[in-house]
Protein chains: 2
Amino acid sequence: MSTDQATAIPLRSKTPIPHPLDPLSVAECETARQSILKHRGSHVAIQFRAIALEEPLKKELCQFLDAEHSGTLNSHTPRPARVAKAQYDVVNVNKEVAYTESWIDLDSGDEVRHRAVERHHQAALTTHEFQAFADTCFASPLYNKAIDEFKLPEGFVVTVDPWPYGGPDEDEIAPRYMQGLCFARDTRSGNADSNHYAYPLPIIPVLDTATGEIVRIDRLATGGKEDGLKYGTHKASILDHCQPAEYVPELLGIPLRADLKTLNVVQPDGPSFKVSNESLVEWQKWRFRVGFSPREGATLHDVRYDGRSVLYRLSLSEMTVPYGDPRPPFHRKQAFDFGDAGAGRAANNLELGCDCLGTIKYFDAVMAEADGSASVSKNVVCLHEQDNGIGWKHTNFRTGRAVVTRSRELVIQFIITLANYEYIFAYKLDQAGAISVETRATGIVSVVNIDPGKTSPWGNVVSAGALAQNHQHIFCIRIDPAIDGNANTVIMEESLPMPMSKEINPFGNGYEVRQTPVTKSQWIDAEPRNNRVIKITNQSKYNPVSGKPVSYKFTPSATQLLLAHPDSILAKRAQFAQHHVWVTKYKDGELWAGGEFTNQSKKEVDGVSDAVARQDNVENEDVVVWNVFGLTHNPRTEDWPVMPVEIFQLHISPSDFFTANPAIDVPGSKNQCSILAPGAKSCCDESGAVQQAATSHLQGTGPDLDPKTNT
Amino acid sequence: MSTDQATAIPLRSKTPIPHPLDPLSVAECETARQSILKHRGSHVAIQFRAIALEEPLKKELCQFLDAEHSGTLNSHTPRPARVAKAQYDVVNVNKEVAYTESWIDLDSGDEVRHRAVERHHQAALTTHEFQAFADTCFASPLYNKAIDEFKLPEGFVVTVDPWPYGGPDEDEIAPRYMQGLCFARDTRSGNADSNHYAYPLPIIPVLDTATGEIVRIDRLATGGKEDGLKYGTHKASILDHCQPAEYVPELLGIPLRADLKTLNVVQPDGPSFKVSNESLVEWQKWRFRVGFSPREGATLHDVRYDGRSVLYRLSLSEMTVPYGDPRPPFHRKQAFDFGDAGAGRAANNLELGCDCLGTIKYFDAVMAEADGSASVSKNVVCLHEQDNGIGWKHTNFRTGRAVVTRSRELVIQFIITLANYEYIFAYKLDQAGAISVETRATGIVSVVNIDPGKTSPWGNVVSAGALAQNHQHIFCIRIDPAIDGNANTVIMEESLPMPMSKEINPFGNGYEVRQTPVTKSQWIDAEPRNNRVIKITNQSKYNPVSGKPVSYKFTPSATQLLLAHPDSILAKRAQFAQHHVWVTKYKDGELWAGGEFTNQSKKEVDGVSDAVARQDNVENEDVVVWNVFGLTHNPRTEDWPVMPVEIFQLHISPSDFFTANPAIDVPGSKNQCSILAPGAKSCCDESGAVQQAATSHLQGTGPDLDPKTNT
């Protein structure tokens, strides 16, 4: 789905030498493809899964970045090798190999590394596999026999949503499987976007992707609270009690709101950011590079403020979405949307004026087709500024003078669609040196059929016949800090009550701020009741004003962790989702909180849990901090048919990193386009009016425009 | 400070009969004043503290509102009496009376109720008292003697910030006191806004307001961690190690950022809201009234969505700010900003283009001067719309069609200044039926002097010689719900793990959603680890789709509660700050979480703690829900000299209140003013261009403008 706009593939403007963090160009992707085809030989068929930049080893990249930032970069500076990593299937050759990976040096075209991934792992599902799934079902006698048991209403057609298979049962030896959630779609309107999710069918076909066969049809319970694990009472006319749930405006059946007036964000002088060399962004003392990978979507690299390093890399590492309906086979509804599918692969091609307002810079991504050819997926990441209200304000009550600044944010956003569901991810930088990571959950909640008139403890009936099952979304953000350099120490800081005592706390108002350094790799849970804060410090750089080590901090939210039983497969494969913070020592390539291989995993392998188990020294070391947060989503009727966004934000803020408020030099001048309601005409929608208003402001001619009266 | 613009007092446009919730008009304020002067007689001197609307008894108001909303309102409908409540001092008459309150029927001019508040309570401090404090100090020999001990640098003058006295000690019998924090200001620039907070002086004068005498000078410790409770080593040249900390741009000493480009919010067709009869606001199916009181600032009343009642009243009830430095007399740095001072009294007169963008409606407030005359405080509340990113989105991966809406918010905002500090409060309504209450903390952190080179466990040195003390801000929001009527039941809902068992949870993925009704008035603490949610339900109205009672819900944040020792005066007078949620039965006039009298209180009287102790039945009753949250603020150097906003939001969302997403009918049309960066000229800043862009969009002439390509 990311290739719809790939009709014309523009070659990247020739930069003689790409920056080591620049994503692959079309030409580089083609170089990698050719190299692999050459190395594997013409006697085998190759199906590509991905071709993407292999980021340099940190040591090599840091040497390069040091030269870059010290201004000593020249043609003799050693550069990390420019390498592409390709994942592909060599069709029908070696049954012991799940898939193959090759690393191609893009200068020489040589294959510099090669890995045959063992059979017991599964590659992430590709867009092509998702797209082929429904056709395989429709061609399957087993599937068609199952469907024939149902009497669909006139004009309805079956539609299948591909899903990862989830975690196989303890004793199950599962080949590469996919499962499908089945619905019926009302075609009578002739509108291809009528919403099939309102009509769930109680079967799940299971596909063996190696054989291309539907091997099994799982039957789904449709009962209510009175039925326990039993199947319920559904009949052939399974959809007769369902109701339409349209969301495209022309099918809504009600008029759209007519009283919402236009709100435009206008930046008459253009944006305040500058983007150069494809990936380098500079804005308001921030400087960083935007990366994009098939698994993670957008990533931030080499994030610096006013010339000082803050983060080496910031990314969304993983998420898991387990469903809480205990009736089998719903226990296999557990997606790892990054590892099983890939946030980059699922990224929407964003559209001007829909996904953000104002002046937008879009980034494209070079992705590999099944034949390895490069396609440009347009507008997968957007960059824009937005106003976030007041940034800081103080009014001198003696003079009446108010000094107030707006808080401008820079937003790097991407949006992914995974069948029914959407996530909106954004990195936000502000002028006061803080970085936020925002997730918004939206889209259509996953529903299954429920018998007429029944309700269920495992979800909410959001539409007649449609049970939206309770579930969790648990996210992990990977923070690779570089607080004035890579050697950092994590401190757990808590504010704690003190005993009342004549000697130290005579009136009982005192409280203690206790710091506990993290010495070995470990997990830490949130404890807001102690105001538990995670500080990432540089113990060799002291703030000259406070005398404390420079640091950035965040307060982990005590959101609910994984509810699945610790002995369940769901919990074993999502160890990362069981603690709020993980502190590990940096290791090249260790990017995946839930492990590299999540698709059909039975346990988390080489995820954060294993990284922590190494018991590495993490004091004054190159540390990585992982933050886990989640949303337990017991659906409301208001979440239907498309749910309003549920927003979560992680704030990473400087703490004695700067000697004062870094935004103190943000101009506080008055916005000249704000107008009084109602009636007044904006000074910005007609030529010349801006000058007029500005003049009147500067002369202080009106009572509302006198800068001294704001007490 | 709220009266600077009161030179011209416009009489309110004559409405024959004000709505019972309309704030007092100037004429009504004058009626109340005249009545009190008449009733008290000309032989006494009266000093007014406040004159404001006395809200009707709920029973009477509800009868009126029922008629209003059912369309049966007419001239025969019984109306609640229109009553003003005045607080004032009868000077030098009765020493047993703290102050006097009168309730004046505004139709008859009669005093319908009268209360002499007993001596052991203290009225809130008025603007006039704050303003007079410094002059009293400067005229005091005791104060001047203390100041003379310090050798101020050339060109510095002393300045005094008035503060409430805080809680007296256990055995202290305190008359009406105020205390002052002393600083020196560098006048050499000739700029009246040079920042005195950088130069703290280690004394606190204490004023007896009855006698007008400075009765005591408290000495402040200036030591560091090595000094314990001892005073430290400061000398006469106490300010020599301090450094300037300017924030007004002309004194900054560094140039302002020149690379921040203008960002305008333009609403060419005007706002989507409608304000009528002074206080009635209608916007996007919402309908409510804005109130304003000297104690609370802005309040929302009779909040309805699409004709259904949601809230009877929403307000900020109280906050407390205790400081955690155990060295006396810092234990008396504990402000109750609503009860001690008054958020309405401290409200800024907002300025167009500074405090919000776009098209703004301002509300004025009628306040009483010391002589009881009405003055109009301009622009104390602002109302505007803003864009909050994507509201909901779904992309059909089969067709590539994305339907995406923006989330528009309506913001009702007011900002208060309390000496050094600012709070920005906002109620936000969205199109999906949710209500948020937002607090932003900004302004200048409270500092005390610290000896050269020392650091302290009780705060952070944010500027040489200036220790910003650790403190907490604990807020309480009062939610008076009316979920489809006043008879509501509060449910505590938790998501809990289940044992693994073949019978009910064979694979361990199941989890239980457990509901616990609140039967008697009680407190509840937050427990995000259980996804503890507070649902306010109407058990006699069922959602026809889900079969569940209609409700609104919120998730209380587990922010840190009061750290002060339970035996401390600070804790006793802030019981409300020790639990996250309080559920009480409605009682007329019970609006104050920390009790009516907080100024110099030694314990909370008639606050939420006492209300809960009544053990009222709250099932299917008129309930009130109070949410407490806070910020433990251990200052950073980045918080100096003016701190970047710290934001907290409470979200109150519908939960099975509607049968579907109420925002499903929000148009998803494309914003035609968004443009590509860099270079493109906005279609909105020149006449005619909007049409051109719109046409090109509708014809789908460009690849970025094709509505079908957004996968």
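Residues numbered from 1 in each chain as written. Chains lettered and ligands numbered in written order. Predicted model: local features only at pLDDT ≥ 70, side-chain atom pairs only at ≥ 80, totals over all residues. Heavy atoms only, no water.

As recorded in an unreviewed UniProt entry, chain A goes by Amine oxidase and comes from Coleophoma cylindrospora. Per UniProt, chain A has the following entry under Subunit (unreviewed entry): "Homodimer." What UniProt states about chain A under its Sequence similarities (unreviewed entry) heading is, verbatim, "Belongs to the copper/topaquinone oxidase family." (UniProt positions renumbered as here; feature names shortened; annotations may be inferred.)

A.B. asks: Which residues make up the overall build of chain A, and what are the values?
C.D. replies: If you tally the helices and strands in chain A, you get 8 helices and 33 strands. Against the globule reference of 27 Å for 711 residues, chain A gives a C-alpha radius of gyration of 28 Å, in line with a compact fold. Expressed along its principal axes, the backbone C-alpha trace of chain A runs to roughly 80 × 70 × 65 Å. Among the 711 residues that make up chain A, the fraction classed as buried is 65%. Here the contacts in chain A between residues at least 6 apart in sequence split such that 67% fall between residues at least 24 apart. For chain A, the accessible area works out to roughly 24,700 Å², and carbon and sulfur atoms hold 51% of it. Taken as two groups, the 70 positive and 88 negative side-chain charges of chain A have centres that lie 3 Å from each other. (Helix = DSSP H or I, 4+ residues; strand = E, 2+ residues; numbered from the N terminus. Rg over C-alpha atoms; globule rule 2.2 N^0.38 Å. Buried < 20%, exposed > 50% of the residue type's maximum accessible area, 1.4 Å probe, protein only. Contact = heavy atoms within 4.5 Å. Areas by Shrake-Rupley, 256 points an atom, 1.4 Å probe, with all protein chains shown as cover. Lys, Arg positive; Asp, Glu negative; His and termini not counted. Charge placed at Lys NZ, Arg CZ, Asp CG, Glu CD.)

A.B. asks: Tell me about the nonpolar core, and name the residues and values.
C.D. replies: One finds Tyr143, Leu314, Tyr423 and Ile479 of chain B to be the most contacted residues of the largest nonpolar core, which totals 129 residues. Non-local contacts of Tyr143 of chain B, meaning those with residues more than four positions away in its chain, are made with Cys137, Phe138, Val158, Val160, Cys182, Ile203, Pro205, Ile214 and Ile217 of chain B. Leu220, Val310, Val445 and Phe648 of chain A belong to the second-largest nonpolar core, a separate cluster that totals 124 residues. (Core = buried A, V, L, I, M, F, W, Y, C linked by side-chain atoms within 4.5 Å.)

A.B. asks: Tell me about the UniProt feature "modified residue: 2',4',5'-topaquinone" (unreviewed entry) in chain A, residues and numbers included.
C.D. replies: UniProt records the feature "modified residue: 2',4',5'-topaquinone" (unreviewed entry) at Tyr421 of chain A, using the numbering of this structure. Classification of Tyr421 of chain A as buried rests on a relative accessible area of 6%.

A.B. asks: Would you mind going over the pattern of salt bridges in detail, with residue names and values included?
C.D. replies: Opposite charge on two side chains permits pairing when their charged atoms draw close. Enumeration over the complete set of coordinates arrives at 100 salt bridges over all chains. The shortest N-O distance in the salt bridge between Glu527 of chain B and Arg529 of chain A comes to 3.3 Å. Placement of Glu527 of chain B in the loop between strand 27 (522-524) and strand 28 (533-542) and of Arg529 of chain A in the loop between strand 27 (522-524) and strand 28 (533-542) is noted, with the two residues assigned to different chains. Here the salt bridges share partners, and the residues they tie into one network are Arg49, Asp89, Glu129 and Arg176 of chain A. (Salt bridge = Lys/Arg side-chain N within 4 Å of Asp/Glu carboxyl O.)

A.B. asks: Give a description of the pairing of strand 30 (residues 581-585) of chain A that names residues and reports values.
C.D. replies: Residues and elements named next belong to chain A. For strand 30, the tally of buried residues reaches 4 of 5 residues, placing the bulk of the element in the interior. In this structure, strand 27 lies alongside strand 30, joined through 3 bridges in antiparallel fashion. Within strand 30, the residue paired with Gln522 across the bridge is Val583. Both strand 30 and strand 31 (residues 621-633) contribute to a ladder of 5 bridges, which runs antiparallel. Each bridged residue has a counterpart across the sheet, and for Trp582 the counterpart in strand 31 is Trp626. (Pairing = 2+ DSSP bridges.)

A.B. asks: Describe the domain arrangement of chain A, naming the residues involved and giving the relevant values.
C.D. replies: Split by domain assignment, chain A resolves into domain 1 (26-116), domain 2 (127-251) and domain 3 (274-444 + 473-486 + 524-629 + 648-655). The C-alpha centroid of domain 2 of chain A is placed 39 Å from the C-alpha centroid of domain 1 of chain A. (Domains from an automatic or database assignment.)

A.B. asks: Could you give an account of the interface of chain A and chain B, with specific residues and numbers?
C.D. replies: With 195 residues of chain A in contact, the opposing surface of chain B contributes 195 residues. A buried area of about 16,100 Å², summed over both sides, lies between chain A and chain B, and 52% of it is on carbon and sulfur atoms. The interface formed by chain A and chain B holds 12 salt bridges in total. With its nearest N and O atoms 2.8 Å apart, the salt bridge here joins Asp665 of chain A to Arg257 of chain B. Where chain A packs against chain B, one counts 119 residue pairs in polar contact (both at pLDDT 80 or more). Its residues placed into classes, the side of chain A that touches chain B shows 88 nonpolar, 65 polar and 42 charged. Pairing between strand 9 (residues 264-266) of chain A and strand 9 (residues 264-266) of chain B: 3 bridges, direction antiparallel. Opposite Val265 of chain A, over in strand 9 of chain B, you have Val265 of chain B as the bridge partner. (Buried area = accessible area lost by both parts, 1.4 Å probe. Polar contact = N/O pair within 3.5 Å; in protein donor to acceptor, adjacent residues only side chain to side chain. Nonpolar A, V, L, I, M, F, W, Y, C, P; charged D, E, K, R; others polar.)

A.B. asks: Any chance you could break down the relation of the copies chain A and chain B for me, citing the residues and the numbers?
C.D. replies: Each copy superposes on the other: chain A lies on chain B with an RMSD of 0.0 Å after a rotation of 180° and an axial shift of 0.0 Å. Expressed as a symmetry operation, the mapping of one chain copy onto the other fits a two-fold axis. Taking the C-alpha atom as reference, chain A places Val265 of chain A closest to the rotation axis, 2.4 Å from it. Residue by residue, 100% of the interface of chain A is reproduced at the interface of chain B, so both copies engage with the same surface. (Least-squares fit on C-alpha atoms with pLDDT ≥ 70 in both.)

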